[in-house]
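Below, each chain spelled out in residue letters.
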Amino acid sequence: MADELRRNMALFPIGIVMKLTDLTARQIRYYEQHELIVPARTAGNQRLFSFNDVERLLEIKSLIEKGVNIAGIKQVMNPVSKESDDATLVSEQSEVKRRELSDQQLHRLLKQQLLEKRPGRTSMIEGQLSRFLNKR
DNA sequence: GTTCTGACA
DNA sequence: TGTCAGAA
């Protein structure tokens, strides 16, 4: 339990998170706009990320690299909704279940996106998709 | 020095 | 996504 609290405790500014995740500030803020993450804020409106946020970002990064777009990630990742990840209000933390993607889910998602119109990017996705279908 | 928001090549 | 501006 105490571990949960520490995990959701906002600690580092975006600069640290950038190094930890290899994402640019632009991307991190962009993902926040799309509600993929909900970092806490300091009095000065600075973002403060928790370990949970960082893990979340790594998840997102992983999916992005697999060719999944924001919409797809939203479908796969658990809704952030509740103010569950601020360091201030740590009342009844929801069970952060294991949200590891099965290849089946990923394939379905990629296939779905392949069907959506998207000139230019299709070829790249096909390549990555075929890598999944075969290797890995 | 860092980060924030909004906007545009 | 990168990057610049103008303000905290």
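Since this is a predicted model, take the numbers as computed values, not measurements.

A few points about the side chain of Glu-32
- For Glu-32, the location among the structural elements is in helix 3 (residues 25-33).
- For Glu-32, a relative accessible area of 16% puts it in the buried group.
- One polar contact links Glu-32 to Arg-41, side chain to side chain, over a distance of 3.3 Å.
- Apart from residues lying up to four places away in sequence, Glu-32 is in contact with Ile-37, Pro-39, Arg-41 and Arg-47.

Things to note about the protein's contact with DNA strand C
- Around DNA strand C, the surrounding shell consists of Thr-24, Arg-26, Gln-27 and Tyr-31.
- Taking the atoms of DNA strand C that fall within 4 Å of the protein, sugar and phosphate contribute 39% of them.
- Contacts to DNA strand C include Arg-26, whose side-chain N or O atom sits 2.9 Å from a base oxygen.
- Between Gln-27 and DNA strand C, the recorded distance is 2.5 Å, taken from a side-chain N or O atom to a phosphate oxygen.
- For the surface near DNA strand C, the class distribution of residues is one nonpolar, two polar and one charged.

Structural notes on helix 2 (residues 14-21)
- Of the positions making up helix 2, those classed as buried are Ile-14, Val-17 and Thr-21. One side of helix 2 holds all its buried residues, which, seen down the axis, span an arc of 55°.
- Packing partners of the buried residues in helix 2 comprise helix 3, strand 2 (47-48) and helix 4 (51-65).
- Just downstream of helix 2 lies Asp-22, where phi reads positive at about 65°.

Scoring rules and cut-offs
- One numbering rule holds for all chains: residues counted from 1, following each sequence as written.
- To label them, take the chains in the order written and letter them from A, then take the ligands in the order written and number them from 1.
- Local features in a predicted model are, by the rule used here, given only for residues with pLDDT of at least 70; side-chain atom pairs are given and counted only at 80 or more, and totals for whole chains, interfaces and linings are based on all residues.
- Only hydrogens and water are set aside when side-chain values are computed; all heavy atoms of the structure are taken into account.
- A run of DSSP states H or I qualifies as a helix once it reaches four residues; a run of E qualifies as a strand once it reaches two. Both are numbered from the N-terminal end.
- For each residue, the accessible area found with a 1.4 Å probe, counting protein chains only, is set against the maximum for its type, and the residue is called buried under 20%, exposed over 50%, and partly exposed in between.
- Here a polar contact is taken to be a pair of N or O atoms separated by no more than 3.5 Å, where protein atoms must pair a possible hydrogen donor with a possible acceptor and residues adjacent in sequence count only if both atoms sit in side chains.
- Contact between two residues is taken to exist if any of their heavy atoms lie within 4.5 Å; hydrogens are not considered.
- Distances are taken per atom, and a residue is near a molecule or strand as soon as one of its heavy atoms is within 4 Å of it.
- Under the grouping applied here, Gly and all other residues not named as nonpolar or charged are polar, the nonpolar ones being Ala, Val, Leu, Ile, Met, Phe, Trp, Tyr, Cys and Pro and the charged ones Asp, Glu, Lys and Arg.
- The arc in question is traced by the directions running from the helix axis to the C-beta atoms.

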